[in-house]
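A closer look at the structure
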Amino acid sequence: MKLGIGTAQFGLDYGISNQEGKTPPAEVARILDIAAHSGVRVIDTASLYGTSEQVLGKTMPPGHHFDIVTKTPHFSKYSIPSEEVNYLEETFHQSLLNLDQSSVYGLLVHRADDLLVENGHLLMAKMLDLKQQGLVSKVGVSIYNSEQIERLLDKYSIDLVQLPINVLDQRFILGGYLSMLKTKGIEIHARSVFLQGLLLMQPDSLPNYFDSVKAHLRAYHDVIARQDISPIEAALAFVNDIDEIDVVLCGINNCQQLQQVLLAMDTPYGKGSRELANFAITNTSILNPSAWGF
């Protein structure tokens, strides 16, 4: 089962298509119970996801077998002083307390550039120390662009990366970066597979900010409609068909949505990525949700 559960919605109002706001804890508990019984392995969270870690700590089933991945806070943009290394450690231990766990599967630097500024290596050294202590199994980084991959792999030995991949955002596929990561034995988690819900929405319902890609998205929806598959099935099939990807992260708002995603993960799409590869774009103002101007 490649599916992993993204939990930003458990602690924040998150996602362009999210009309429900933050998921109530009782619903989170039901989501986790379904996930556990469906063979979901990875739960992805972060110290910056509002109350997500606390909610998970109170609602994860007793004796669960989830592999939990969490992330660091953000640090200085220019240099990493010793007090910020201490802050990483303090925040990580707070994450363990919030999650009610003695250790976690993964710890990622939330903002890749934090490792690339002056003394960024001190953050990685501290993460490796936490790994040596048995508090985390894999250390890594959340990636946003190919330049970060190249610079990070030149400096560090990394176990795990999280990066955005979807029908529109194929930069890491076309640039050969997935294959490069795999040759180094790095585990790959794909996020933003729905592009924060953009790929699931009808183009004409989108804000004016997306006018430049509405025709492109209409063509995409026309293609998958002719194939008689839903937007969820198409988006998941595209990423699920990529052999190098180990985990497909999906943010979940409610149990119904999780059931839809689980069903879609099991729905074959014959032409898969070969056909949908034609819908790649390069406009980072669309591909990067943090740049969305509305």
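That block above? That's the structure.
Residues numbered from 1 in each chain as written. Predicted model: local features only at pLDDT ≥ 70, side-chain atom pairs only at ≥ 80, totals over all residues. Heavy atoms only, no water.

**Some words on the overall build of the protein chain**
- Counting its secondary structure elements, the protein chain contains 13 helices and eight strands.
- Relative to the globule expectation of 19 Å for 294 residues, the C-alpha radius of gyration of the protein chain, 19 Å, shows essentially globular dimensions.
- Its C-alpha atoms put the protein chain at 55 × 40 × 35 Å along the principal axes.
- Out of the 294 residues belonging to the protein chain, those deemed buried represent 53%.
- Of the accessible surface of the protein chain, which amounts to about 12,800 Å², a share of 48% is contributed by carbon and sulfur atoms.
- When the 22 basic and 33 acidic side-chain charges of the protein chain are each reduced to a single mean position, those positions are 2 Å apart. (Helix = DSSP H or I, 4+ residues; strand = E, 2+ residues; numbered from the N terminus. Rg over C-alpha atoms; globule rule 2.2 N^0.38 Å. Buried < 20%, exposed > 50% of the residue type's maximum accessible area, 1.4 Å probe, protein only. Areas by Shrake-Rupley, 256 points an atom, 1.4 Å probe, with all protein chains shown as cover. Lys, Arg positive; Asp, Glu negative; His and termini not counted. Charge placed at Lys NZ, Arg CZ, Asp CG, Glu CD.)

**Notes on empty space enclosed by the protein**
- Tallied over the entire structure, the rule returns one cavity of 30 Å³ or more.
- Estimates place the volume of the largest cavity at around 30 Å³.
- Forming the boundary of the largest cavity are Thr70, Lys71, Thr72, Pro73, Leu88, Thr91, Phe92, Ser95 and Leu107.
- When contributions to the lining of the largest cavity are tallied by element, the ones reaching two or more residues are strand S3 (67–71) and helix H4 (82–99).
- No other element matches the four residues that H4 contributes to the lining of the largest cavity.
- Residues belonging to the lining of the largest cavity are distributed by class as follows: four nonpolar, four polar and one charged. (1 Å grid on protein atoms, 1.4 Å probe; cavity = no way out; pocket = protein on both sides within 12 Å on 5 of 7 lines; lining within 4 Å. Points joined across faces, edges and corners; volume = space filled by probe spheres on them. Nonpolar A, V, L, I, M, F, W, Y, C, P; charged D, E, K, R; others polar.)

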